[in-house]
Amino acid sequence: MAALDQKSPNVLLQSLCCRITGKSEADVAHQFQYAVRVIGSNYAPTIERDEFLVSEKIKKELLKQRREADAALFSELHRKLQTQGVLKHRWSILYLLLSLCEDPRKPSTRVGSYGSLFAQALPRDAHSTPFYYTRPQSLSLSYPERSALAAHNASSMGTSGISSLGMYSLNGPGPSPQALLTGPQAVADPTRGPRLWALPITGTVPLNSRPTTGPAPGPTSSPAPRPPHRQRRDGDTSAEISEAALVRDILYVFQGIDGKFIKMCTPENCYKIDSKVPMCKSLRDTSSRLAELGWLHNKVRKYTDSRSLDRAFGLVGQSFCASLHQELKEYYRLLSVLHSQLQLEDDQGVNVGLESTLTLRRLLVWTYDPKIRLKTLAALVDYCQGRKGGELASAVHAYGKTGDPHMRALVQHILGLVSHPILNFLYRWIYDGELEDTYHEFFVASDPTVKTDRLWHDKYSLRKSMIPSFITMDQARKVLLIGKSINFLHQVCHDRTPPGKIPPASKSADSPKDAAELFTDLEGAFQSKIDAAYFETSKYLLDVLNKNYQLLEHLQAMRRYLLLGQGDFIRHLMDLLKPELARAATTLYQHNLTGILETAVRATNAQFDSPDILKRLDVRLLEVSPGDTGWDVFSLDYHVDGPIATVFTRECMSHYLRVFNFLWRAKRMEYILTDIWKSQMCNAKLLKSMPELSGVLHQCHILASEMVHFIHQMQYYITFEVLECSWDELWNKVQQAQDLDHIIAAHEVFLDTIISRCLLDSNSRSLLNQLRAVFDQIIEFQNAQNALYRSALEELQLRVQYEDNKRRREEEGEWGMTAEQEAAENRRVQEFKDTIPKMCSQLRLLTHFYQGIVQEFLRLLMTSSDESLQFLSFRLDFNEHYKARDPRLRPSLGATRGRRSSNI
Amino acid sequence: MASAANTNMNAVRETMDVLLEISRLLNTGLDMESLSICVRLCEQGINPEALSSVIKELRRATDTLKASDNSTSQG
């Protein structure tokens, strides 16, 4: 086989012709000629040199013919073929077989067109050339070289296309040389296939595609080569610099090297032609135009050289440099092609025709595309100066918004490379939660000083300047959240299981090309990828928080204990605590109170709560200031730690404590009023016997019911309009929350609403002061009434005792009383009666103060901007009792109404 | 040395068998000899598309030639 392989292609071709036509060598001369010409031409150099592609095509073809079994058989055979490795060009032979493939069911139609052509062509060529006899020399099958060149072109077009010149030279710069060389025949016969027959018949080939290696190119029928042209041109420029010399110079300048005549002019920062050199103006102009390419090249080169050594420039910057290098490489490839052509010309001397030499003009045309590309690169380099990371990617992306498809493709390619590291960061971040960003290029920043308890809130932040412009703010936030969730799970929840099923393919399939596609196709894949990761991670995090850490249960516990939702428990606690809390604050001991708390828990429905929650419930004593009673400093507390503390932060807890204190105070007022009412009811019958007291008692009753009404309305407002409404809102939001941030936000809104509605924020300080004053009045009233009852009951008891004594003595047969005793009794009764007006006036004073405070409170409520507070004022003064008393309430109400109507 | 050459020959033969089978599957109409010529050409880097068009053309020419022969012999 090896020996056989030495046979030249021509011999093989000839035997093939004989074999197929079934005739002897001499008979197939025409066919052979034709075959040689077709094979020797650069006919269709465009096919893919990819074995896999070809085999796929074959399978498809077989399937099209409904021969599935054969397709499978073919795959088997193909595999066998691959394992043997005898053939070097498997794709080639497979391709040949494929193109010879015929569907057994239908006759091929494609061959027909060739047939007619062939039939036409044969007779004509018969007389033109005795080709057959010159066969061995003339046919130079330089196919491998050419196909290699074609392959290079194909690949370079794929990546950058800067060496588009290669394609020009392969297909010939233009149609003119062939038309000239083939002579009148070609011109006279337009029916010939342009592709097939546009070839020069002779060995004069489109230059550089066919460097004739044979000893003597033996064209017999071709027009003689045309040295005269060349000579004439050379003669013309003998005084000046020849164009060829300039071309050589220019090629150096293209690489940024000074030529003989064209030199870098540093002060003006441009390439200049030595003005002393004699040269015609057009040449001078053309070469300065060409020299621009060198300048652009230098610019790009300088940037990459300076940056690629700078380690702090970061991965994104490095990949930018790499992409620039890649482009420059393509450019160098073009230059090397030009150089080799120049070399070739030198070797062949004047032999090659005028049309195929390198001229400045030709260079101008060929370097047109590369120049535009270099220009874009130079502009990019300018624009990207001093940027790095995501900022750099944004800058590149901004250049992609151009209408020129070539430029867009170029920038897209660079963008793909540049954004690749960013995409890597991003995947590492959203799938593993790891931040490997040594050079601070990614748009998520981490603060290493933050401890784990503030991880969710403070540790990670967005670096706004580094968000590439092709990533929206919304996406960036989601990305931040995903990674944050993962880190939260790892570091705070100590949950190491990977959240959900991360598609493993997505991690591997992020080549630079994908990166560009992903980022440009923002509506589609990228968005869905982020969304998927977002939902997956957030859902997992919420599940963990709810299942392992009972977030929702804790939320409810807050509501029940700190916001007094568990009524029976609170009531019982207050009952138990009352004697303790009445004492001075300094005498309270936390352990006593804790014991009472436990008793209250055990006695009420609270005992059915989970022990985890009850364990966290605790008593807390606020800072004691002089004169405080236990009521002022007592507070319930709820301990939070671990992941839960992310939702219930320290600020949240302090808010809860404030609200608790307010509610506790209001609750206490209710409790006091209940006591007042109880004692009124109990004592009413007893004191009936003292008609002189009825006026005072009546006053007491009136004031007490006024207060009861007020406190009831307040309680109604707090419980239903504030707590229940906000709680319902919070609960709905929490149920629908997609990520932890939603829950935190909803919770904060909830607390804020409660704080402001409970008059605890700074805007309603005056209202709160009035309310506190009302509460104080209630306490004072309690004291006054208690004193009243105490003295009344004392008096009553004395009287009963007196009567008892009188009766006992009468039964014993003595005088009921002595005059002295009676006088004493009467004096005492009189004294008691004298105290009654004092009590009356004290009560009146109290009533007066109380009503003044309430009126002021109402006035403030009316003028407040919050609608629910205005409604509260209507409810408090439903029968316009206070309005009738206080002139200030009337105009303000009118004013409010007027303002309202004007607003509407 | 000889055995190496021998195994090489075997491999070549096997390869040719496989190729012939594929050729048969695809219904190319090439016999063993023309196939081996084609393989050699391809291995030398010939453009397979050009080669295939040549083969088709040659067949077409042969067919027309035969047809004309037939018609002349009949006529």
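None of the values given here were measured: they were computed from a predicted structure.

Moving on to the overall build of chain A. Of regular secondary structure, chain A possesses 39 helices and 6 strands. With 904 residues in all, chain A has 48% of them scored as buried. In chain A, once contacts between residues fewer than 6 apart in sequence are set aside, the share between residues at least 24 apart is 73%. Only carbon and sulfur atoms are counted for the fraction: they give 55% of the accessible area of chain A, which is about 44,400 Å².

Regarding its fold elements, chain B presents 3 helices and 0 strands. Evaluated residue by residue, chain B yields a buried proportion of 51% over its 75 residues.

Quick look at the interface of chain A and chain B now. Contact with chain A, which involves 60 residues of that partner, is made by 45 residues of chain B. Approximately 5,400 Å² of surface area, both sides summed, lies buried where chain A meets chain B, with 71% of it carried by carbon and sulfur atoms. Per-residue buried area on chain A facing chain B is highest for Arg19, Leu97 and Leu100 of chain A; these three make up 12% of the total on that side. At the junction of chain A and chain B, the tally comes to 0 salt bridges. Across the chain A-chain B interface, the total number found is 3 residue pairs in polar contact (both at pLDDT 80 or more). Elements supplying a minimum of two residues to the side of chain A that touches chain B: helix 1 (2–5), helix 2 (9–21), helix 3 (29–40), helix 4 (51–64), helix 5 (68–84), helix 6 (90–100), helix 7 (110–128) and helix 9 (143–159) of chain A. It is helix 6 of chain A that contributes the most residues to the side of chain A that touches chain B, 10 residues altogether. Along the lines of polarity and charge, the residues of the side of chain A that touches chain B split into 40 nonpolar, 10 polar and 10 charged.

We now examine the packing of helix 26 (residues 551–562) of chain A against helix 32 (residues 650–686) of chain A. Residues and elements named next belong to chain A. Running from N to C, helix 26 and helix 32 point in directions that differ by 30°, and their axes come no closer than 10 Å. Between helix 26 and helix 32, the interaxial angle falls into the category roughly parallel. In contact with Met558, Tyr561 and Leu562 of helix 26, helix 32 contributes Met653, Tyr656, Phe660 and Leu663. Taken together, the residues that form the contact of helix 26 with helix 32 break down as 7 nonpolar, no polar and no charged.

Turning our eyes to something else, we now look at the state of the cysteines. As used in these notes, a disulfide is a covalent bond between sulfur atoms, one from each of two cysteines. For the structure shown, the criterion picks out 0 disulfides over all chains. Here cysteine 38 of chain B is not cross-linked by a disulfide; its sulfur's nearest cysteine counterpart is in cysteine 42 of chain B, at 6.6 Å.

Residues and elements named next belong to chain A. One pass over the structure, following the stated rule, counts 18 aromatic pairs over all chains. The interplanar angle of 20° and the centroid separation of 5.7 Å between the aromatic rings of tyrosine 427 and tyrosine 431 together place this pair among those described as stacked. Linking tyrosine 427 with tyrosine 431, this pair stays in helix 20 (residues 405–432), spanning 4 residues, or about one helical turn. For the pair formed by tyrosine 427 and tyrosine 431, the shared burial category is buried. Counting every residue linked through ring pairs, the aromatic cluster contains Trp631, Phe634, Phe660 and Trp664. Here the basic side chain of arginine 307 rests over the ring of phenylalanine 313, its NZ or CZ set 4.3 Å away from the ring centre. Directly above the ring of tyrosine 534 sits lysine 478, whose terminal nitrogen or CZ lies 5.1 Å from the centroid.

On average, residues of chain A score 77 in pLDDT, and 77% of them are at 70 or above. The low-confidence segment residues 107–238 of chain A (pLDDT under 50) makes 165 contacts with residues lying over four places distant or belonging to another chain.

What follows is about the pairing of strand 6 (residues 634–638) of chain A. All names here are of chain A. For strand 6, the buried fraction is high: 5 of the 5 residues fall into the buried class. As paired strands, strand 5 (residues 617–621) and strand 6 are joined by 5 bridges and run antiparallel to one another. The residue bridging leucine 621 from the neighbouring strand is phenylalanine 634, located in strand 6.

What follows deals with the environment of glutamine 782 of chain A. Residue and element names in this part refer to chain A. Inspection of the secondary structure assignment puts glutamine 782 in helix 35 (residues 765–812). Sequence separation between glutamine 782 and alanine 704 is 78 residues, and the spatial gap between their C-alpha atoms is 9.1 Å. Apart from residues no more than four positions distant in its own chain, glutamine 782 is found in contact with Ile672, Asp675 and Ile676.

It is worth spelling out the pattern of salt bridges at this point. Residue and element names in this part refer to chain A. According to the stated counting rule, one finds 40 salt bridges over all chains in the structure shown. Linking arginine 583 and glutamate 580 is a salt bridge whose minimum nitrogen-to-oxygen distance equals 3.7 Å. Classification of arginine 583 by relative accessible area gives partly exposed; the value is 34%. Note on glutamate 580: relative accessible area 15%, which makes it buried. The salt bridge partner of arginine 620 is aspartate 637, with a shortest N-O separation of 3.7 Å. Of this pair, arginine 620 sits in strand 5 while aspartate 637 sits in strand 6; the two residues are 17 residues apart in sequence, bridging distant segments of the chain. Taken together, the salt bridges that share partners define one network made up of Glu692, Glu795, Arg799, Glu825 and Arg828.

Below, the discussion takes up the environment of arginine 772 of chain A. Its place among the elements puts arginine 772 of chain A in helix 35. In this structure the C-alpha to C-alpha distance between arginine 772 of chain A and phenylalanine 662 of chain A, which are 110 residues apart in sequence, comes to 9.7 Å.

This part takes up the confidence of the model for chain B. Residues and elements named next belong to chain B. With 84% of its residues at a pLDDT of at least 70, chain B reaches an overall mean of 79. Mean pLDDT across the secondary structure elements of chain B bottoms out at helix 3 (residues 48–74), with 77, and peaks at helix 2 (residues 32–43), with 85. Model confidence for the complex: the whole-complex pTM is 0.62, and ipTM, which rates the interface, is 0.84.

Basis of the calculations
- Residues numbered from 1 in each chain as written.
- Chains lettered and ligands numbered in written order.
- Predicted model: local features only at pLDDT ≥ 70, side-chain atom pairs only at ≥ 80, totals over all residues.
- Heavy atoms only, no water.
- Helix = DSSP H or I, 4+ residues; strand = E, 2+ residues; numbered from the N terminus.
- Buried < 20%, exposed > 50% of the residue type's maximum accessible area, 1.4 Å probe, protein only.
- Contact = heavy atoms within 4.5 Å.
- Areas by Shrake-Rupley, 256 points an atom, 1.4 Å probe, with all protein chains shown as cover.
- Buried area = accessible area lost by both parts, 1.4 Å probe.
- Salt bridge = Lys/Arg side-chain N within 4 Å of Asp/Glu carboxyl O.
- Polar contact = N/O pair within 3.5 Å; in protein donor to acceptor, adjacent residues only side chain to side chain.
- Nonpolar A, V, L, I, M, F, W, Y, C, P; charged D, E, K, R; others polar.
- Axes fitted to C-alpha atoms, helices over the stretch in contact; angles between N-to-C directions.
- Parallel < 35°, antiparallel > 145°, perpendicular 65-115°, else oblique.
- Disulfide = S-S within 2.5 Å.
- Phe/Tyr/Trp six-rings, centres within 6.5 Å; stacked < 30°, edge-to-face > 60°.
- Lys NZ or Arg CZ within 6 Å of the ring centre and 35° of its normal.
- pLDDT = per-residue confidence, 0-100.
- Pairing = 2+ DSSP bridges.

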